[in-house]
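# Structure at a glance
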Amino acid sequence: QVRLVESGGGLVQAGGSLRLSCAASGSIFSANTMAWYRQAPGKQRELVAFIGLRTITNYADSVKGRFTISRDNNKNTAYLQMNSLKPEDTAVYYCCAGGDYWGQGTQVTVSS
């Protein structure tokens, strides 16, 4: 198993925005569905969004209308655009390729 590299986390106020990035190798990126998960303190890791090979997307109900997942095939990078952030979005966000490859996570903290 290899690690993907997430970036873009940080501290924002409620209502603010962040864009997370996930860089992967070309072979992994092109062959796998990309997904974002998050894990808040005291909670299990949960699926936030995924984008398939044919750019079909799905979102958790809690983020629909606020988050957008995308992928740039030229850069072998997946993104998670997060708008209208809420304190409840505070978590470590992880990138996943297929079901086998994971990044190290990036912290997102939303203050009220």
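Before going further, it helps to examine the packing of aromatic side chains. A full pass over the atoms with the stated rule returns one aromatic pair. With a centroid separation of 4.9 Å and an interplanar angle of 50°, the aromatic rings of Tyr 37 and Trp 102 are classed as tilted. Of the two residues, Tyr 37 sits in strand 4 (residues 34-39) while Trp 102 sits in strand 10 (residues 101-103), which places them 65 residues apart along the sequence. The ring of Trp 102 carries Arg 45 above its face, with NZ or CZ at 4.9 Å from the centroid.

Let us now look at the nonpolar core. With 27 residues, the main nonpolar core has Met 34, Trp 36, Val 48, Phe 67, Leu 80, Met 82 and Tyr 93 as its most contacted residues. Only strand 3 (18-23), helix 1 (26-31), strand 4, strand 5 (46-51), strand 7 (67-72), strand 8 (77-82), strand 9 (91-97) and strand 11 (106-111) provide two or more residues apiece to this core. When residues in this core are grouped by element, the largest group, four residues, is from strand 9. What Tyr 93 contacts, discounting residues up to four positions off in sequence, is Glu 6, Leu 20, Trp 36, Tyr 37, Arg 38, Val 48, Phe 67, Leu 80, Met 82, Gly 105, Thr 106 and Val 108.

So, how was this worked out
Residues numbered from 1 in each chain as written. Predicted model: local features only at pLDDT ≥ 70, side-chain atom pairs only at ≥ 80, totals over all residues. Heavy atoms only, no water. Phe/Tyr/Trp six-rings, centres within 6.5 Å; stacked < 30°, edge-to-face > 60°. Helix = DSSP H or I, 4+ residues; strand = E, 2+ residues; numbered from the N terminus. Lys NZ or Arg CZ within 6 Å of the ring centre and 35° of its normal. Core = buried A, V, L, I, M, F, W, Y, C linked by side-chain atoms within 4.5 Å. Buried < 20%, exposed > 50% of the residue type's maximum accessible area, 1.4 Å probe, protein only. Contact = heavy atoms within 4.5 Å.

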